[in-house]
Amino acid sequence: MNRATFPHKYLPWLLIAPQLAISLVFFYWPALQALRQSLLREDAFGLKTQFVGLTNFARVLSDPAYVNSIKVTTLFSALTAGLSMGIALLLAVQAEKLVRGKGLYRVLMIWPYAVAPAIAGMLWLFMFNPSFGTLALPLRWMGVQWDPLLKGNQAMALVVAAASWKQISYNFLFFVAGLQAIPRSLIEAAAIDGAGPARRFWTIVFPLLAPTTFFLLVVNTVYALFDTFGIIHAVTGGGPGKSTETLVYKVYNDGFVNLILGDSAAQSVVLMVIVIALTAVQFRYVERRVHYG
Amino acid sequence: MADGAMIGTSLRSRLMGHFLLVLGVIVVVFPIYYVFVASTHTVQTILRPPLPLLPGPEGPANYAEAIFGGVGRIGGVGVGRLLWNTTVVALGIAVGKIIISMASAYAIVFFRFPLRMACFWLIFITLMLPVEVRILPTYKVMVELHLIDTYAGLILPLIASATATLLFRQFFMTIPNELLEAARVDGAGPWRFFRDILLPLSLTNIAALFVILFIYGWTQYLWPLLITNSNSMNTIVIALRKMISFADADTPWNLVMVTSILAILPPILVVVLMQRWFVKGLVETEK
C-alpha cells in the first residue's frame, strides 16, 4: 500500500528528535562504551588503560565464578519459567471450564503483576524468614533445617518461588487468551468421538496452544534473566556463597561493588549477545505467526 | 450453557475447577494478605511467630508513623515522600514514553523524509539494549550530565523504548489512506489531523499502554538503585530494601510492613481499576 503522507520537510525530524536523542545518549553511546571497555584493561582508579583484545572475554569465560553464574542462571530460569507457566496453564484450563466466576478469579489473579520483583522477594522472605516467618514454623516441625540465609539450595528455592509467584499473573492472562482462541467446534468434535478431557487436552488443546506457550517461554526467559535482579539483590545478595548469583547480578557486582571494569564490560557484552539471540528468536516466531495465522 | 454440557464439562469437573482456582488465588493473594496483617501489629507481635490470622489494632498508629513520622533507618524520610517520588517517576515514564513514541511513530508513518527507515531501525535496535547490559557506561553518562539524584535521571533513560513506538506504528498503519486524504482536502494540517482524528482513535491503545508503563515505572529496581544516593530521592521499592536488615535487631518491622503495603497498593489499584484496557492491551500489544 502506498501511504498518503504530509509533505513537510522539517516537522518529521522535530517529531522523531526526542526519541532519537534519548536513544543515542542513553542507549547507543553507553552500549558502544561497554563494547570498547570490554577490549581494554583499566585499573580501578582509571589511571592506566591499555588495549588487550579479547583477553577480558577469555578470562571471564574461563573464570569458575562465571561458569557457576551461568549454571545458577540456567537452573533459576528453567525452574522459574517451568513452575510459573505450569501453574498458570493449570489454572487457565480450570478457568476456561467455568461459566460463572471467571471474572472474579481473574481480578484476584492479576495482583502479583503489579508487585515489583524486589518486593515479591521480600514478601516471600517475610513469610519464610527463619527467625520470625510464620511459614518457616511448619517446615521446622517437619524436621527441615530451614535457613535460606545460610543454605544455598534453600535460598534458590525461595527466590524461585518469589520469581514464579510474580509471573503467574502474566502467564495466566496469556494462557486464558490462547485457550479462548481455540475453536470450540474442534473440542466438541473430539468429545463426540469419545475423547475424554485428558485426551482432548493433550491431543488438541495443548498442541494448538503451542504458539502461546512458545511466546511465553521466550518472555519468561527474558524475565528470569533480567527482571529478577531486584529479587536476588533484595533477598539473597547472590549468596549464600555464590549460590544465587545470576549473570545480571554478577555484572552489577563486578562493576559497581568490586570495580573490575573490564570484566564487567565483557560480561555486559555477553549479555547483549544473549538478548540479541532471544529477540531474534522472538521475531522469527512473530513472523511465522503472521504467515500462517 | 448448552455447549458446556455437550463437551462434557460435568459438575464434578467444574467443582474441581473452582477448588483449584480457589487454591491458586490463595497462593497468589496470601503473601500480600500476610504482610497486610503484619502491618497492623506491633514489632513484638511480628517477631513472635505465628502471626495472627486477622489484622490487629495497631494499624492506624503504624500507618500514621510511617507516613508522617519518617523512618529512622532511611534518614528520617517519610513514606509520603517516597510515594511522591515513585508516583513522579512512574507517571513521568508512562506519560513521557507515550508522548515520545507517539511522536516518532507519527513521523515514521505519516511523513516521508530521508533516512526514515534508518531512523526506524535505530529505534528498533534499542529493543536489544536493556539497561542491564549497559549499566556501568550509562551510569557514567548520568554522572557527566549531573543527573544523579534527580527526577530527570530517574526518568529519562527509561523513557525511550522501541516497544511503544512499534505498537503505535503498527496501529497508525491500519488507518485508511482515505481518512488522511479527506482530512487534507478539508485543509487539515498534521496537527489537526493528529488531534481530531488520530488521537481519538488511539485512546484505547493509550489507556492500555499507560497501565503497562505505569507498572513498569513503579516497579523499577536496578536503575533507581544506581541513580539515587540521597535517601530523599529514593523510590519506595529502593527505600524498602534499605530499611531492612536481617542481621541487626532494630529493623522497624511494623514500618517495613506498612511500607510494603503502600508500595504494592497503588499499582494494584491501577491494574484492577483499569483491568478492561490493561488485559486487552497486554495480550494484544506483546504478541
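Since we're looking at a predicted model, the values are computed, not measured.

1. Focus on the overall build of chain B
Move 1: A count of helices and strands for chain B gives 15 helices and zero strands.
Move 2: Its C-alpha atoms give chain B a radius of gyration of 24 Å, clearly above 19 Å, the size a compact globule of 287 residues would have.
Move 3: Each principal axis of the C-alpha distribution contributes one length, and for chain B these read about 75 × 70 × 35 Å.
Move 4: Each of the 287 residues in chain B was classed as buried or not, and the buried ones make up 55%.
Move 5: A sequence separation of at least 24 residues applies to 71% of the contacts in chain B between residues at least 6 apart.
Move 6: Working note: accessible area of chain B is about 12,100 Å², and carbon and sulfur atoms make up 69% of it.

2. Comments concerning empty space enclosed by the protein
Move 1: Applying the stated criterion across every chain, the model contains one cavity of 30 Å³ or more.
Move 2: Every residue along the wall of the largest cavity is listed here: Phe132 and Thr134 of chain A together with Tyr34, Ala38, Ile46, Pro49, Pro50, Leu51 and Met257 of chain B.
Move 3: Grouping the constituent residues of the lining of the largest cavity by class yields eight nonpolar, one polar and no charged.

3. Brief notes about helix α9 (residues 197-208) of chain A
Move 1: Taking 1.5 Å as the rise per residue, α9 of chain A with twelve residues should run 16 Å; its terminal C-alpha atoms sit 15 Å apart, in good agreement.
Move 2: Tucked into the core, α9 of chain A has its buried residues touching α3 (64-97), α7 (152-180) and α8 (184-192) of chain A.

4. As for the confidence of the model for chain A
Move 1: Summing up the model confidence of chain A, the mean pLDDT is 86 and the portion of residues at 70 or higher is 95%.
Move 2: The low-confidence segment residues 289-293 of chain A (pLDDT under 50) makes two contacts with residues lying over four places distant or belonging to another chain.

5. Notes on the interface of chain A and chain B
Move 1: Each side of the interface is counted separately: chain A has 98 residues, and chain B has 113 residues.
Move 2: Together, the buried faces of chain A and chain B total about 9,800 Å²; carbon and sulfur atoms form 77% of this surface.
Move 3: Across the contact surface, chain A and chain B share zero salt bridges.
Move 4: Per element, the largest residue contribution to the side of chain A that touches chain B is 20 residues, and it comes from helix α1 (residues 11-37) of chain A.
Move 5: By residue class, the composition of the side of chain A that touches chain B is 71 nonpolar, 18 polar and nine charged.

6. Notes on the packing of aromatic side chains
Move 1: Applying the stated rule across the entire model yields 35 aromatic pairs over all chains.
Move 2: Measuring from ring centre to ring centre gives 4.9 Å for Phe201 of chain A and Trp202 of chain A, while their planes differ by 80°; the resulting arrangement is edge-to-face.
Move 3: Overall, Phe201 of chain A belongs to the buried group, its relative accessible area being 16%.
Move 4: Since its relative accessible area comes to 54%, Trp202 of chain A is described here as exposed.
Move 5: Following the ring pairs from residue to residue traces out a cluster consisting of Phe6 of chain A together with Tyr106, Phe110, Phe111, Phe168, Phe171, Phe172, Trp191, Phe193 and Phe194 of chain B.

7. Description of the pattern of salt bridges
Move 1: This model, assessed by the stated rule, comprises six salt bridges over all chains.
Move 2: One salt bridge in this structure joins Asp263 of chain A and Arg59 of chain A, with 2.5 Å as the shortest N-O distance. With Asp263 of chain A in helix α13 (residues 261-292) and Arg59 of chain A in helix α2 (residues 55-62), this pair connects stretches of sequence that are 204 residues apart.
Move 3: Assessed through its relative accessible area of 11%, Asp263 of chain A is described here as buried.
Move 4: The salt bridge partner of Arg195 of chain B is Asp196 of chain B, with a shortest N-O separation of 3.2 Å.
Move 5: By relative accessible area, Arg195 of chain B is classed as partly exposed at 40%.
Move 6: Residues joined by salt bridges that share partners form a network here, namely Arg192, Arg195 and Asp196 of chain B.

8. Focus: the environment of Trp218 of chain B
All names here are of chain B.
Move 1: Tracing the backbone through its elements, the reader meets Trp218 in helix α11 (residues 190-218).
Move 2: Here Trp218 falls in the buried class, since its relative accessible area comes to 3%.
Move 3: Placed 56 residues apart in sequence, Trp218 and Met274 show a C-alpha to C-alpha distance of 16 Å.
Move 4: In this structure Trp218 touches Leu83, Thr86, Thr87, Ala90, Ile236, Val237, Leu262, Ala263, Pro266 and Pro267, once residues within four positions along its chain are discounted.

9. Section: the side chain of Thr80 of chain A
All names here are of chain A.
Move 1: Topologically, Thr80 is positioned in helix α3.
Move 2: Its relative accessible area of 1% is what places Thr80 among the buried residues.
Move 3: Dropping the residues within four chain positions of it, Thr80 is found in contact with Val160, Ala163, Ser164 and Tyr223.

10. Re the packing of helix α5 (residues 79-110) of chain B against helix α8 (residues 151-159) of chain B
All names here are of chain B.
Move 1: Here α5 crosses α8 at 35°, and the two axes come no closer than 9 Å. Regarding α5 and α8, the two cross each other, and that crossing is right-handed. Facing α5, whose interface residues are Arg81, Trp84, Asn85, Val88, Val89, Gly92, Ile93, Gly96, Lys97 and Ile100, α8 presents Tyr151, Leu154, Ile155, Leu158 and Ile159.

Definitions and cut-offs
- Residues numbered from 1 in each chain as written.
- Chains lettered and ligands numbered in written order.
- Predicted model: local features only at pLDDT ≥ 70, side-chain atom pairs only at ≥ 80, totals over all residues.
- Heavy atoms only, no water.
- Helix = DSSP H or I, 4+ residues; strand = E, 2+ residues; numbered from the N terminus.
- Rg over C-alpha atoms; globule rule 2.2 N^0.38 Å.
- Buried < 20%, exposed > 50% of the residue type's maximum accessible area, 1.4 Å probe, protein only.
- Contact = heavy atoms within 4.5 Å.
- Areas by Shrake-Rupley, 256 points an atom, 1.4 Å probe, with all protein chains shown as cover.
- 1 Å grid on protein atoms, 1.4 Å probe; cavity = no way out; pocket = protein on both sides within 12 Å on 5 of 7 lines; lining within 4 Å.
- Points joined across faces, edges and corners; volume = space filled by probe spheres on them.
- Nonpolar A, V, L, I, M, F, W, Y, C, P; charged D, E, K, R; others polar.
- Expected span 1.5 Å × (residues − 1).
- pLDDT = per-residue confidence, 0-100.
- Buried area = accessible area lost by both parts, 1.4 Å probe.
- Salt bridge = Lys/Arg side-chain N within 4 Å of Asp/Glu carboxyl O.
- Phe/Tyr/Trp six-rings, centres within 6.5 Å; stacked < 30°, edge-to-face > 60°.
- Axes fitted to C-alpha atoms, helices over the stretch in contact; angles between N-to-C directions.
- Left-handed = near helix turned anticlockwise from the far one by under 90°.

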